[in-house]
Amino acid sequence: MISSYPVFVIRIGSGYATMATPESPEEKPEFAVLVFTTEALAEAFIEAVGIQDAEVRFLRNERELGRVLAVQPAEVTHIAIDSVLEDGHLQTNCLTLYDMVKDHMPLARSPWDYPVFLLRQADGQFAAIATEKSLVLALFTSNQKAKEYRARLERPSQYELTRVETPGQLHDFLKSLPEETSAVAFNPTIDEESRHSAVQCMEVAKLIEKFLA
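Small disclaimer: the values here were computed from a predicted structure and weren't measured.

Asks: Where do I start with the overall build of the protein in this structure?
Replies: In terms of regular secondary structure, the protein is built from 6 helices and 15 strands. Its C-alpha atoms give the protein a radius of gyration of 22 Å, more than 25% over the compact-globule value 17 Å for 213 residues. In terms of principal-axis extent, the alpha carbons of the protein reach across some 70 × 30 × 25 Å. Of all 213 residues assigned to the protein, the portion counted as buried reaches 37%. Taking as baseline every contact in the protein between residues at least 6 positions apart, the subset at least 24 positions apart corresponds to 66%. Carbon and sulfur atoms form 47% of the exposed surface of the protein, whose accessible area is close to 12,900 Å². Here the protein contributes 20 positive and 32 negative side-chain charges, whose respective centroids are spaced 10 Å apart.

Structural data, given as structure tokens:
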């Protein structure tokens, strides 16, 4: 499996290099997109197979790999990791795209990197924006944005920066929120007149379903 990033793919024209899976059925062929954990392995495969006009591209993290997997055509059903062709013998590690994303790429569906940040009060409550009917939790995608928001609160010293390290931790935290916290505001700000605003907001339930389920 992939234990660290970046990883490398082979770009050919507007697409990515694939190969037939080792157990591809004849009646309905299945293909795997080629991914390598080192640039040297990718270049060696290009040379061994003789791929023309190929270019090795690196992907910095799970999110970038996830975007490559998401644009594969229907016949590309697998990912092949560190494929090696020597003396006509192929060695590879194949996994279905579904299993790869579901079991080994928890960040692939996330629009943001981790950790994310919350502002926790001494009484255990978290910084939130009050609306007429509910509370909107303040969630920050960087340490700096959280600190800038805290500095403009009425009593900044009462708020402690809290890190959420993984999608699983964020999922559990959001599920534990009381019903009156109905939505999440991403990177909210406070202007000179103490007005709170956020460009992006999402209902808690929708956020969990879309990115954390």
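Asks: Explanation requested: the pattern of salt bridges in the structure shown.
Replies: Any two side chains of opposite charge can pair, so long as their charged atoms come close to each other. Counted according to the given criterion, the structure contains 9 salt bridges. Among the salt bridges present, the one from Arg57 reaches Glu55, with a minimum N-O distance of 3.3 Å. Connected through salt bridges with shared partners, the residues Asp191, Glu193 and Arg195 form a single ionic network.

Asks: Whenever I open this one, the packing of aromatic side chains confuses me. Can you help?
Replies: How two aromatic rings sit relative to each other is given by the distance of their centres and the angle of their planes. Tallied over the full model, the rule gives 5 aromatic pairs. Their ring planes at 45 degrees and their centres at 5.7 Å tell us that Phe36 and Phe45 sit as a pair that is tilted. Phe45 shares its class with Phe36; the two are buried. Consider the rings of Trp112 and Phe186, whose centres lie 5.2 Å apart with planes at 35 degrees: the pair is tilted. Pair noted here: Trp112 is in the loop between helix H3 (97-104) and strand S8 (116-121) and Phe186 is in strand S12 (residues 181-186), with a separation of 74 residues, a long-range link. Judged on exposure class, the residue Trp112 and its partner Phe186 are both buried. Chaining the aromatic ring pairs together yields one cluster made of Trp112, Phe186 and Phe211. Above the ring of Tyr16, the side-chain terminus of Arg11 is found at 4.6 Å from the ring centroid.

Asks: So what exactly am I meant to see when it comes to the layout of surface pockets here?
Replies: Space inside the largest pocket adds up to approximately 200 Å³. The wall of the largest pocket is formed by Gln121, Asp123, Gly124, Gln125, Phe126, Ala128, Leu135, Leu137, Leu177, Pro178, Glu180 and Thr181. When grouped by side-chain class, the residues that make up the lining of the largest pocket number 6 nonpolar, 4 polar and 2 charged. Here the second largest pocket defines a volume of roughly 170 Å³.

Asks: Just to check I follow, could you spell out unusual backbone geometry for this structure?
Replies: Note: most peptide bonds trans; most residues except glycine with negative phi. For the bond running from Tyr5 to Pro6, omega is 15 degrees, close enough to zero to count as cis. Looking at the element boundaries, Pro6 is found in the segment before strand S1 (7-12). Cis geometry marks the peptide bond from Tyr114 to Pro115; its omega dihedral reads 5 degrees. Structurally, Pro115 is set in the loop between H3 and S8. Positive phi values are uncommon outside glycine, yet Asp87 reaches one of about 55 degrees. Tracing the chain through its elements places Asp87 in the loop between strand S6 (76-86) and strand S7 (89-96). Positive phi is not limited to glycine here, since Asn187 has a value of about 50 degrees. Considering the arrangement of structural elements, one finds Asn187 in the loop between S12 and strand S13 (189-190).

What counts as what
Residues numbered from 1 in each chain as written. Predicted model: local features only at pLDDT ≥ 70, side-chain atom pairs only at ≥ 80, totals over all residues. Heavy atoms only, no water. Helix = DSSP H or I, 4+ residues; strand = E, 2+ residues; numbered from the N terminus. Rg over C-alpha atoms; globule rule 2.2 N^0.38 Å. Buried < 20%, exposed > 50% of the residue type's maximum accessible area, 1.4 Å probe, protein only. Contact = heavy atoms within 4.5 Å. Areas by Shrake-Rupley, 256 points an atom, 1.4 Å probe, with all protein chains shown as cover. Lys, Arg positive; Asp, Glu negative; His and termini not counted. Charge placed at Lys NZ, Arg CZ, Asp CG, Glu CD. Salt bridge = Lys/Arg side-chain N within 4 Å of Asp/Glu carboxyl O. Phe/Tyr/Trp six-rings, centres within 6.5 Å; stacked < 30°, edge-to-face > 60°. Lys NZ or Arg CZ within 6 Å of the ring centre and 35° of its normal. 1 Å grid on protein atoms, 1.4 Å probe; cavity = no way out; pocket = protein on both sides within 12 Å on 5 of 7 lines; lining within 4 Å. Points joined across faces, edges and corners; volume = space filled by probe spheres on them. Nonpolar A, V, L, I, M, F, W, Y, C, P; charged D, E, K, R; others polar.

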